[in-house]
Amino acid sequence: MQVKREDSVTSSARRAQIVAATIATIAELGYRQASFSRIAERAGLSSTRLISYHFDSKDELIGKAIATIYSELAAFMTARVSAATTPGAALETYIRSLVEYIAGHRPEMRAATEIFLNFRPEGGSAAQDAATDLSVLGHVERLLVRGQESGEFGAFNTRVMAMAIQRSLDGLPFLLEADPDADLAEYADELAGLFAKAVRP
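Just so you know, these numbers come straight off a predicted model, no measurement behind them.

Next up on the list: the overall build of the protein chain. Helices and strands together make up the secondary structure of the protein chain, namely 10 helices and 0 strands. The linear arrangement of helices and strands in the protein chain, starting from the amino end, is α-α-α-α-α-α-α-α-α-α. Looking at the protein chain as a whole, 37% of its 201 residues are labelled buried. Counting contacts in the protein chain only where the partners sit at least 6 residues apart, residues at least 24 apart contribute 64% of the total. Roughly 11300 Å² of accessible area belongs to the protein chain as shown, and the carbon and sulfur atoms make up 53% of that amount.

In a soluble, globular protein the nonpolar side chains are often hidden away together inside. Counting 54 residues, the largest nonpolar core has Ile51, Leu61, Leu91, Leu144, Ile165 and Leu169 as its most contacted members. Looking at which domains feed residues into this core, each of domain 1 (1–55) and domain 2 (57–199) supplies at least three. Discounting chain neighbours no more than four positions away, the residues touching leucine 61 are Ile18, Val19, Thr22, Phe36, Ile39, Ile51 and Phe55.

This prediction gives the protein chain a mean pLDDT of 89; 89% of its residues lie at or above 70. Put simply, helix α1 (residues 2–29) is where the protein chain has its lowest mean pLDDT, 81, and helix α10 (residues 184–198) is where it has its highest, 97. Scored below 50 in pLDDT, residues 1–6 shows 0 contacts in the model against residues more than four places distant or in partner chains.

Here the focus is the packing of aromatic side chains. As enumerated under the stated definition, the model contains 3 aromatic pairs in all. The interplanar angle of 50° and the centroid separation of 6.4 Å between the aromatic rings of tyrosine 31 and phenylalanine 119 together place this pair among those described as tilted. A residue pair is termed long-range when its members are at least 10 positions apart, and tyrosine 31 in the loop between α1 and α2 (36–43) and phenylalanine 119 in the loop between α6 (106–118) and α7 (138–150) qualify at 88 residues. The exposure class of tyrosine 31 is buried, given its relative accessible area of 10%. Taken together, a centroid distance of 5.1 Å and an interplanar angle of 50° make the contact between phenylalanine 76 and tyrosine 101 tilted. Here the residue phenylalanine 76 occupies a position in helix α4 (residues 58–81), and tyrosine 101 occupies one in helix α5 (residues 87–104), the gap between them amounting to 25 residues. The ring centre of tyrosine 31 lies 5.1 Å from the NZ or CZ of lysine 58, which sits over that ring.

The rules we used
- Residues numbered from 1 in each chain as written.
- Predicted model: local features only at pLDDT ≥ 70, side-chain atom pairs only at ≥ 80, totals over all residues.
- Heavy atoms only, no water.
- Helix = DSSP H or I, 4+ residues; strand = E, 2+ residues; numbered from the N terminus.
- Buried < 20%, exposed > 50% of the residue type's maximum accessible area, 1.4 Å probe, protein only.
- Contact = heavy atoms within 4.5 Å.
- Areas by Shrake-Rupley, 256 points an atom, 1.4 Å probe, with all protein chains shown as cover.
- Core = buried A, V, L, I, M, F, W, Y, C linked by side-chain atoms within 4.5 Å.
- Domains from an automatic or database assignment.
- pLDDT = per-residue confidence, 0-100.
- Phe/Tyr/Trp six-rings, centres within 6.5 Å; stacked < 30°, edge-to-face > 60°.
- Lys NZ or Arg CZ within 6 Å of the ring centre and 35° of its normal.

Here is the structure:
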């Protein structure tokens with residue numbers, strides 16, 4: 001049983017290594033140039049067959065890569081926002097923390113952008129479909145509803161406001177592609193101030 005456990009640990013580590021190499025390759029070369037051979041080279045693998053051993057298809061590998069990026073982002077955001085004590089503080093923390101994360105993880109965000117624009121899984125939905133999935137706005141909308149219920153926020157359509165907040169943040173990786181030297185501290189200040197005014201009673 002001990003041997004099987006070690007094999008499982010080794011397999012998990014290898015999968016994580018391949019996923020990390022995939023993210024880095026896409027960030028550097030772009031989605032269309034991220035072949036198994038390029039990924040294997042970056043991961044230090046002797047053969048692309050090692051990728052095929054751990055992942056049934058490129059779709060599965062890319063799916064795992066984007067899931068990894070967003071899982072790490074979600075953990076970062078949850079830790080920050082959950083510490084806020086009021087809806088207003090939580091909204092400001094959400095905006096500033098997401099900008100901070102994007103600023104500190106540009107390769108991952110570049111890879112996510114490439115996948116968003118180009119990934120078309122066989123038999124599934126394009127990554128772009130997530131942009132029209134209203135469930136992705138749920139966490140922001142619930143925060144806004146709490147603010148209204150507490151009286152801290154004014155009356156407005158929470159769906160519209162959540163959409164405005166989230167899309168202004170979703171666009172940041174695209175802005176950085178066009179303007180890598182953009183002042184992200186100013187970007188965070190402007191957005192935090194703008195939406196603090198927008199939600200006031």
